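Fold and contact review
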Amino acid sequence: MDLSQKEWWGLVHGMGFGAVFLLAFAGGLAGLYSLRPGLVTDAGISERMTRLKIGVAAMAMAAWGTVITGTWIVYPWYREKTPDSPKSILLLSESTKDWHEFGMEWKEHIAWISPILATVAAFIVIYFGTGLIKHDRARKIVMTLFVLAFATAAIAGIFGALITKVAPVK
Amino acid sequence: MTNLQMPTNSATATNSDMKSERPIVAALLAMGAGVVIYGLLVVLTEISADVKDFLSLKDSVGPLSGKTIFGVLAWLVIWAVLHLALRKTTIDLWRAFQISLVMVGIGVLFTFPIFFKLFA
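Below, the structure is looked at part by part. Being a predicted model, the structure only gives us computed values, none of them experimental. (Residues numbered from 1 in each chain as written. Chains lettered and ligands numbered in written order. Predicted model: local features only at pLDDT ≥ 70, side-chain atom pairs only at ≥ 80, totals over all residues. Heavy atoms only, no water.)

1. Quick word on the side chain of R139(A)
Residue and element names in this part refer to chain A. The criterion, for reference: Numbering of helices and strands runs from the N terminus, with a helix taken as a DSSP run of H or I at least four residues long and a strand as a DSSP run of E at least two residues long. Each residue's exposure class comes from its accessible area (1.4 Å probe, protein chains only) as a fraction of the maximum for that residue type: buried when under 20%, exposed when over 50%, partly exposed otherwise. N or O atoms closer than or at 3.5 Å make up a polar contact, with two conditions inside protein: a donor-capable atom paired with an acceptor-capable one, and, for residues adjacent in sequence, both atoms drawn from side chains.
Here R139 lies in helix 6 (residues 136–166). Residue R139 is classed as buried on the basis of its relative accessible area of 4%. Of the polar contacts made by the side chain of R139, one reaches the backbone oxygen of Y33; its length is 3.3 Å.

Here it is as structure tokens:
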């Protein structure tokens, strides 16, 4: 039942920040979708906006947490120049080298686009505040950024999970 | 003062309590530009060994260290500059969003291994 330090950081990177990101995305998207005149009472707007601001900020912070821990803590273990590092193991065989040359190469790069999009989405929500309910165009822009931030993170997350299954950092 | 395009706010966005859209326009355009620059760094690393060495700020992380640090710095600097530069310029929010989406698409393409390895 013990986890090594490397496995522990892998969990923090993928499941800790990843879970917060997923929860914040789902809650934030639902909140943004229903943030329309007629669907929210005046009394509910203030309470909902506070929750929405916390949600979008959490999503952005989780995205930053994921890429920072991934790049600066877990990735160096993945690419260690030793025969038993995950990268070395994957490149050893023709049948697994694409996991690195395509999967990891795309994952490590596309992941960093997600926090940028999530930060701008959070900025728009915080900037407009309750005014967002009257600004349908801005609300739709935020929702699109939200989905794109999630999509780029999902590509990275899926490849991360699959690569970890083939050659885990341990 | 440059007037690139008249604002065409949505019908629900014309209330007097509505904040200016200019900071959002700046944020969106900076986002797009930042993603393109980040993607360009990915491609340039494949093209030039010198760029790859320059971007390898930390040996254990390799060139990804420089791509991410310089990419994020470029995005933040551009955001600050556009925020100030667009204070008196009116650009339609939806147009700015469309431009930023195209730039994000280009940036994503630049991070796609099959694409950037064409330059290796």
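From this point, the discussion proceeds with the structure in view.
2. Things to note about the nonpolar core
Keep this limit in mind: As used here, the term nonpolar core means buried Ala, Val, Leu, Ile, Met, Phe, Trp, Tyr and Cys residues forming a set that is joined through side-chain atoms within 4.5 Å. For this analysis, residues touch if any pair of their heavy atoms sits within 4.5 Å.
Membership of the largest hydrophobic core comes to 80 residues, with the highest contact counts inside it found for I124(A), L145(A), L28(B), M31(B) and W75(B). Of all the secondary structure elements, the ones that give two or more residues to this core are helix 1 (5–33), helix 2 (42–78), helix 4 (97–110), helix 5 (113–128) and helix 6 of chain A together with helix 1 (22–47), helix 3 (63–85) and helix 4 (93–110) of chain B. Not counting residues within four places of it along the chain, the set of residues in contact with L145(A) comprises L117(A), V120(A), A121(A), I124(A), L28(B), M31(B) and F97(B).

3. Some words on a nonpolar patch on the surface
Residue and element names in this part refer to chain B. For clarity, the cut-off: Two joining distances apply to patches: 9 Å for like charges and 5 Å for nonpolar side chains (Val, Leu, Ile, Met, Phe, Trp, Tyr), and every residue must have over 30% relative accessible area and no salt bridge. Using a 1.4 Å probe, accessible areas were evaluated by the Shrake-Rupley method; residue-level cover was limited to the displayed protein chains. One side-chain nitrogen of Lys or Arg within 4 Å of one carboxyl oxygen of Asp or Glu is enough to make a salt bridge.
On the surface, L40, L44, I47, L118 and F119 cluster together into a nonpolar patch covering about 450 Å² of accessible area. Along the polypeptide, L118 turns up in the segment after helix 5 (113–116). Taking relative accessible area as the criterion, L118 reaches 64% and is therefore assigned exposed.

4. Comments concerning the interface of chain B and chain A
The test is simple: Take the accessible area each of two parts loses on contact, using a 1.4 Å probe, and add the two losses: that sum is the buried area.
Facing the 47 residues of chain B at the interface are 33 residues of chain A. Its largest share of buried area at the contact with chain A, chain B owes to I24(B), L64(B) and W75(B), together 14% of the area lost on that side. Measuring nitrogen to oxygen at the nearest pair gives 3.1 Å for the salt bridge that ties R137(A) to D92(B). Here chain B is connected to chain A by nine residue pairs in polar contact (both at pLDDT 80 or more). Of all elements in the fold, only helix 1, helix 3, helix 4 and helix 5 of chain B reach the threshold of two or more residues within the side of chain B that touches chain A.

5. Considerations on the pattern of salt bridges
Between side chains of opposite charge, a pair can form as their charged atoms come close. All told, the structure shown has seven salt bridges over all chains when counted by the stated rule. For K117(B), the salt bridge is made with E105(A), and the minimal N-O distance between the two is 3.8 Å. Here K117(B), found in the segment after helix 5, pairs with E105(A), found in helix 4, and the two come from separate chains. Residue classification places E105(A) among the buried residues on the basis of a relative accessible area of 14%. Residue D136(A) pairs with K140(A) through a salt bridge whose shortest N-O separation is 2.9 Å. Here the residue D136(A) and the residue K140(A) both occupy positions in helix 6, the gap between them amounting to four residues, near one helical turn. Classification of D136(A) by relative accessible area gives partly exposed; the value is 24%. Residue K140(A) is classed as partly exposed on the basis of its relative accessible area, which comes to 42%. Shared partners join several salt bridges into a network, and the residues in it are D136(A), R139(A) and K140(A).

6. Some points on the packing of aromatic side chains
Counted only if it meets this: What counts as a ring pair is set by centres within 6.5 Å for rings of Phe, Tyr and Trp (its six-membered ring), and what kind of pair is set by the plane angle: stacked under 30 degrees, edge-to-face over 60, tilted for all other angles. Throughout this description, the term charge over a ring refers to an Arg CZ or Lys NZ atom that lies within 6 Å of the ring centre and within 35 degrees of the ring normal.
Taken as a whole and assessed by the stated rule, the structure comprises 19 aromatic pairs over all chains. Taken together, a centroid distance of 5.1 Å and an interplanar angle of 90 degrees make the contact between F123(A) and W79(B) edge-to-face. Residue F123(A) is located in helix 5, and its partner W79(B) is located in helix 3; the two belong to separate chains. Between F54(B) and F70(B), the ring centres sit 5.6 Å apart and the planes meet at 10 degrees, which makes this aromatic pair stacked. Taken together, the positions of F54(B) in helix 2 (residues 49–55) and F70(B) in helix 3 put the pair 16 residues apart, joining distant regions of the chain. For F54(B), a relative accessible area of 55% gives the class exposed. Looking at F70(B), the relative accessible area reads 30%, which means it is partly exposed. Among the aromatic residues, those joined into a cluster by ring pairs are W64(A), W112(A), F123(A), Y127(A), F128(A), W75(B) and W79(B). Taking NZ or CZ as reference, R36(A) lies 4.4 Å from the ring centre of Y33(A), over its face.

Everything listed is a geometric property; what it means functionally is a separate question.
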